[in-house]
Amino acid sequence: RVHPGESNASWVMKGVLDYLTGPSLDARILRDNFVFKIVPMLNPDGVIVGNYRCSLAGQDLNRLWDDPSRKMHPTIFFAKSMIRHLLNDREVILYIDIHGHSRKKNVFMYGNSESSGVREKIFPGLLCR
């Protein structure tokens, strides 16, 4: 959760954590085959002070991924550093940034693709079943 006003994103994250740590066979298979790096909230300061979209610095952290400042945007800076470090050891299969929308209902996804996009369609395809 980056945008403080999107509290429903935290409930989705709770569901993800409950599922991944649960006793189901599918969850166990996922745990046995993948490493999960979970950052449940990237803007805790903005949430605590009641901002709707911004950090304490008054900036939308989701717009700063290209060049985050270590001092002004530490959560984005270190999350990006963690991903870079992780890429030295293994492939990153999926990155999920959970949001809540003020008008859209149910689940929707946006994604980036630098190739044909087939791999990027697997997770949304599984999720819709």
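Being a predicted model, the structure only gives us computed values, none of them experimental.

Caption draft 1: Local environment of the pattern of salt bridges. Tallying each qualifying case throughout the model produces three salt bridges. Two residues, Arg53 and Glu6, come together in a salt bridge whose shortest N-O distance is 3.8 Å. Separated by 47 residues along the polypeptide, Arg53 in the loop between α3 (44-48) and α4 (74-89) and Glu6 in the segment before α1 (8-20) bring together distant segments of the chain. By relative accessible area, Arg53 is classed as partly exposed at 30%. Salt-bridge contacts for Lys14 lead to Asp18; the nearest nitrogen and oxygen are separated by 2.7 Å. Separated by four residues within a single helix, Lys14 and Asp18 lie in helix α1, roughly one turn from each other. Residue Asp18 is classed as partly exposed on the basis of its relative accessible area of 42%. Via salt bridges that share partners, Glu6, Arg53 and Asp60 belong to a single interconnected network.

Caption draft 2: Geometry of the packing of aromatic side chains. Applying the stated criterion across every chain yields a total of two aromatic pairs. Measuring from centroid to centroid gives 6.0 Å for Trp65 and Tyr95, while their planes differ by 75 degrees, and the two rings are edge-to-face. A residue pair is termed long-range when its members are at least 10 positions apart, and Trp65 in the loop between α3 and α4 and Tyr95 in the loop between α4 and α5 (122-127) qualify at 30 residues.

Caption draft 3: Molecular detail of the side chain of Asn43. In this fold, Asn43 is placed in the loop between α2 (25-33) and α3. Looking at Asn43, its side chain comes within polar contact range of the main-chain nitrogen of Gly46, at 3.0 Å. Among the polar contacts listed, one links the side chain of Asn43 to the backbone oxygen of Cys54, at a separation of 3.3 Å. Sequence-distant contacts of Asn43, that is, excluding residues within four places in its chain, are made with Arg1, Val2, Pro4, Arg53, Cys54, Ser55 and Leu61.

Caption draft 4: Up close: the environment of Leu64. Checked against the element boundaries, Leu64 lands in the loop between α3 and α4. Taking the C-alpha atoms as reference points, Leu64 and Ile96, 32 residues apart in sequence, are found 17 Å from one another. For Leu64, the residues in contact, after removing those within four places along its chain, are Gln59, His73 and Ile76.

Caption draft 5: Broad picture of the nonpolar core. Judged by nonpolar contacts, Val2, Leu42, Leu61, Leu64, Ile76 and Ala79 together constitute the single largest core of six residues. Setting aside chain neighbours within four positions, we find Val2 in contact with Leu42, Asn43, Leu61, Asn62 and Asp97.

Quick notes on the rules
- Residues numbered from 1 in each chain as written.
- Predicted model: local features only at pLDDT ≥ 70, side-chain atom pairs only at ≥ 80, totals over all residues.
- Heavy atoms only, no water.
- Salt bridge = Lys/Arg side-chain N within 4 Å of Asp/Glu carboxyl O.
- Helix = DSSP H or I, 4+ residues; strand = E, 2+ residues; numbered from the N terminus.
- Buried < 20%, exposed > 50% of the residue type's maximum accessible area, 1.4 Å probe, protein only.
- Phe/Tyr/Trp six-rings, centres within 6.5 Å; stacked < 30°, edge-to-face > 60°.
- Polar contact = N/O pair within 3.5 Å; in protein donor to acceptor, adjacent residues only side chain to side chain.
- Contact = heavy atoms within 4.5 Å.
- Core = buried A, V, L, I, M, F, W, Y, C linked by side-chain atoms within 4.5 Å.

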